[in-house]
Amino acid sequence: MTDIAQHHGGLPSVRKISMTEPWQWLSKGWQDLRACPGISLGNGLLVLVLSYALTAILVYFDTLVLVIPLAAGFMLLGPFLAIGLYEASRRREQGKVVGSIDTFVVRPRSPLQLAYFGLALGLLLMAWIYLAFFIFALFYGIGDR
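Residues numbered from 1 in each chain as written. Predicted model: local features only at pLDDT ≥ 70, side-chain atom pairs only at ≥ 80, totals over all residues. Heavy atoms only, no water.

Enquirer: Sorry, what's going on with the nonpolar core here?
Expert: As a rule of thumb, nonpolar side chains are buried together in soluble globular proteins. In this structure, Leu58, Leu66, Leu70, Leu77, Leu121, Leu125 and Ile129 together form the largest nonpolar core, which totals 7 residues. Excluding its chain neighbours within four sequence positions, the residues that come into contact with leucine 125 are Gly73, Leu76 and Leu77. (Core = buried A, V, L, I, M, F, W, Y, C linked by side-chain atoms within 4.5 Å. Buried < 20%, exposed > 50% of the residue type's maximum accessible area, 1.4 Å probe, protein only. Contact = heavy atoms within 4.5 Å.)

Enquirer: Is there a simple way to explain the environment of serine 40 in this structure?
Expert: In this structure, serine 40 sits in helix α3 (residues 37-60). In the structure, serine 40 is positioned 11 residues away from glycine 29 in sequence and 9.7 Å away in space, judged by C-alpha atoms. Residues in contact with serine 40, not counting those within four places in the same chain, are Asp32, Leu33 and Leu85. (Helix = DSSP H or I, 4+ residues; strand = E, 2+ residues; numbered from the N terminus.)

Enquirer: How should unusual backbone geometry be read in this particular structure?
Expert: Only a minority of non-glycine residues have a phi that is not negative, and only a minority of peptide bonds are not trans. Positive phi values are uncommon outside glycine, yet aspartate 62 reaches one of about 55°. Within the element layout of this structure, aspartate 62 appears in the loop between α3 and α4 (67-81). The class of aspartate 62 is exposed, set by a relative accessible area of 52%.

Enquirer: Sorry, what's going on with the packing of α3 against α4 here?
Expert: The relative placement of two packed helices comes down to the angle between their axes together with the axis-to-axis distance. Running from N to C, α3 and α4 point in directions that differ by 150°, and their axes come no closer than 12 Å. On the basis of their axis angle, the class for α3 and α4 is roughly antiparallel. With respect to the hand of their crossing, α3 and α4 are arranged in right-handed fashion. Here Asn43, Val47, Ser51, Leu54, Thr55 and Leu58 of α3 come into contact with α4, specifically with Val67, Leu70, Phe74 and Leu81. (Axes fitted to C-alpha atoms, helices over the stretch in contact; angles between N-to-C directions. Parallel < 35°, antiparallel > 145°, perpendicular 65-115°, else oblique. Left-handed = near helix turned anticlockwise from the far one by under 90°.)

Enquirer: Got a minute to help me understand the pattern of salt bridges in this structure?
Expert: Two side chains that carry opposite charge are able to pair once their charged atoms sit near each other. Inspection of every chain in the model, using the stated rule, returns 3 salt bridges. For glutamate 21, the salt bridge is made with arginine 15, and the minimal N-O distance between the two is 3.7 Å. Of the residues examined, arginine 15 reaches a relative accessible area of 63% and is grouped as exposed. When the shortest N-O distance is used, the salt bridge between glutamate 87 and arginine 90 registers 2.7 Å. (Salt bridge = Lys/Arg side-chain N within 4 Å of Asp/Glu carboxyl O.)

Enquirer: Where do I start with the environment of leucine 50 in this structure?
Expert: Within the fold, leucine 50 resides in helix α3. Judged by its relative accessible area of 42%, leucine 50 falls in the partly exposed class. In this structure the C-alpha to C-alpha distance between leucine 50 and leucine 121, which are 71 residues apart in sequence, comes to 17 Å.

Enquirer: Just checking my understanding: could you explain the packing of α4 against helix α7 (residues 111-140) for this structure?
Expert: One can describe the packing of α4 onto α7 by two numbers: an axis separation of 9 Å at closest approach and a directional angle of 170°. As the angle between them shows, α4 and α7 are arranged roughly antiparallel. Contacts between α4 and α7 pair Pro69, Leu70, Ala72, Gly73, Leu76, Leu77, Pro79 and Phe80 from the former with Leu114, Phe117, Gly118, Leu121, Gly122, Leu124, Leu125, Trp128, Ile129 and Ala132 from the latter. Counted by class, the contact of α4 with α7 contains 15 nonpolar, 3 polar and no charged residues. (Nonpolar A, V, L, I, M, F, W, Y, C, P; charged D, E, K, R; others polar.)

Right, here's the structure in full:
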């Protein structure tokens with residue numbers, strides 16, 4: 001047994017979910033969007049602006065081949081970028097008022113774990129970009145573009 005299993009007195013249990021629960025989660029997400037449209041759409045707009053800025057930088061440095069790998073890499077950073085939305089949902093569930101400042105300045109319960117999570121996602125993104133560049137160079141060469 002692992003240390004965690006021994007500490008908790010046995011193997012961890014796996015919670016079973018029904019096929020309808022993802023629809024409930026999506027419904028709650030839509031409720032959050034309707035309740036706090038500025039926060040939800042503002043976060044989406046921020047990601048959009050960052051995407052366009054990153055694409056413009058890649059065009060400027062003539063490294064447009066990295067656009068698609070970076071777009072796919074955004075999926076790795078998505079959970080980290082959505083921390084503010086998670087905070088807004090949590091505050092709504094608790095019946096608290098949700099303000100835009102509260103979602104941009106989140107005080108996590110475990111900041112060190114959040115930092116490790118962000119670091120791990122960032123390292124995965126760098127590994128993904130390196131692998132994508134390697135595959136591109138393997139199939140198309142790195143000479144003349």
